[in-house]
Amino acid sequence: MNTNFDLHFKNMCKSDREDEHMALLAVLPCIQMLLKLMNRKQSGKKPFSEELHYDEKKAMILQDQDLFETELQKEIIDKEVCIKALHNLQEIALAAEKEIKLASLKGDYCYLASVFEDSAVFLS
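Structure report, in brief.

Cut-off values and rules
- Residues numbered from 1 in each chain as written.
- Predicted model: local features only at pLDDT ≥ 70, side-chain atom pairs only at ≥ 80, totals over all residues.
- Heavy atoms only, no water.
- Helix = DSSP H or I, 4+ residues; strand = E, 2+ residues; numbered from the N terminus.
- Polar contact = N/O pair within 3.5 Å; in protein donor to acceptor, adjacent residues only side chain to side chain.
- Core = buried A, V, L, I, M, F, W, Y, C linked by side-chain atoms within 4.5 Å.
- Buried < 20%, exposed > 50% of the residue type's maximum accessible area, 1.4 Å probe, protein only.
- Contact = heavy atoms within 4.5 Å.
- Expected span 1.5 Å × (residues − 1).
- Arc of directions from axis to C-beta.
- Axes fitted to C-alpha atoms, helices over the stretch in contact; angles between N-to-C directions.
- Parallel < 35°, antiparallel > 145°, perpendicular 65-115°, else oblique.
- Left-handed = near helix turned anticlockwise from the far one by under 90°.
- Salt bridge = Lys/Arg side-chain N within 4 Å of Asp/Glu carboxyl O.

## Brief notes about the side chain of Lys57
So, step 1. Checked against the element boundaries, Lys57 lands in helix α3 (residues 54-72).
So, step 2. One polar contact links the side chain of Lys57 to the main-chain carbonyl oxygen of Leu52, over a distance of 3.5 Å.

This is the structure we're talking about:
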């Protein structure tokens, strides 16, 4: 991730909708955490099942991350597009969580899903 937080912060300060920019900016580290957790599981002894379609999910996460990066460069964020992406990320985190056995890791996926959901609600 090549996030330039300084640039995004400057764009946020120029906008009349600072809260929306901050909500998206706060989600970026969570996207990275989701990717890291999923990559670790996939490269471990018991990778995700075929039903999860790991490669497709990973591509979707990266696409949503790029979307947020692009939206953060704008003065006015397209909230509907971002909300849809946040719901997509939430669904991916919950689907992945179902295949995790360790309680603490299940909690991590649930936490990330809740962050994505809360951010979508905030943008609504």
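From this point, things continue past the structure.
## Thoughts on the nonpolar core
So, step 1. The biggest cluster of nonpolar side chains holds 34 residues, and the ones touching the most others in it are Ile31, Leu34, Met38, Phe68 and Phe116.
So, step 2. Once residues lying within four places of it in the same chain are set aside, the contact partners of Met38 are Phe48, Leu52, Tyr54, Lys57, Ile61, Ile92, Ala96 and Tyr109.

## Some points on helix α5 (residues 103-123)
So, step 1. Spanning 21 residues, α5 covers 30 Å between terminal C-alpha atoms, matching the ideal 30 Å at 1.5 Å per step.
So, step 2. Regarding α5, the residues found buried are Tyr109, Leu112, Ala113, Val115, Phe116, Ser119, Ala120 and Leu123. Summarising the axial view, the buried residues of α5 lie within an arc of 150°, below the 170-degree limit, and thus occupy one face. Turned more than 90 degrees from where α5 packs its buried face, Ala103 and Val121 sit exposed.

## Focus: the packing of α3 against helix α4 (residues 79-97)
How two helices sit against one another is set out by the angle between their axes and by the gap between those axes.
So, step 1. Packing of α3 against α4 brings their axes to within 10 Å, and their N-to-C directions diverge by 150°. Here α4 runs roughly antiparallel to α3, going by the angle between their axes. Here α3 runs over α4; the crossing is left-handed. Contact residues: Lys57, Met60, Ile61, Asp64, Leu67, Phe68 and Glu71 in α3; Val81, Cys82, Ala85, Leu86, Asn88, Leu89 and Ile92 in α4.

## Describing the pattern of salt bridges
So, step 1. In total, this model carries 3 salt bridges according to the counting rule given.
So, step 2. Lys79 is the salt-bridge partner of Glu20, the closest N and O atoms lying 3.7 Å from each other. Residue Glu20 is found in helix α2 (residues 18-42), and its partner Lys79 is found in helix α4; the two are separated by 59 residues along the sequence.
So, step 3. Between Glu71 and Lys74 there is a salt bridge whose closest N-O contact spans 2.9 Å.
So, step 4. Since its relative accessible area comes to 4%, Glu71 is described here as buried.
So, step 5. Under the relative-accessibility criterion, Lys74 is labelled partly exposed at 36%.

## A closer look at the environment of Ser49
So, step 1. Structurally, Ser49 is set in the loop between α2 and α3.
So, step 2. Sequence-wise, Ser49 and Glu99 are 50 residues apart; in three dimensions their C-alpha atoms are separated by 7.8 Å.
So, step 3. Separated by 3.1 Å, the side chains of Ser49 and Glu51 make a polar contact.
So, step 4. Among the polar contacts listed, one links the side chain of Ser49 to the side chain of Glu99, at a separation of 2.6 Å.

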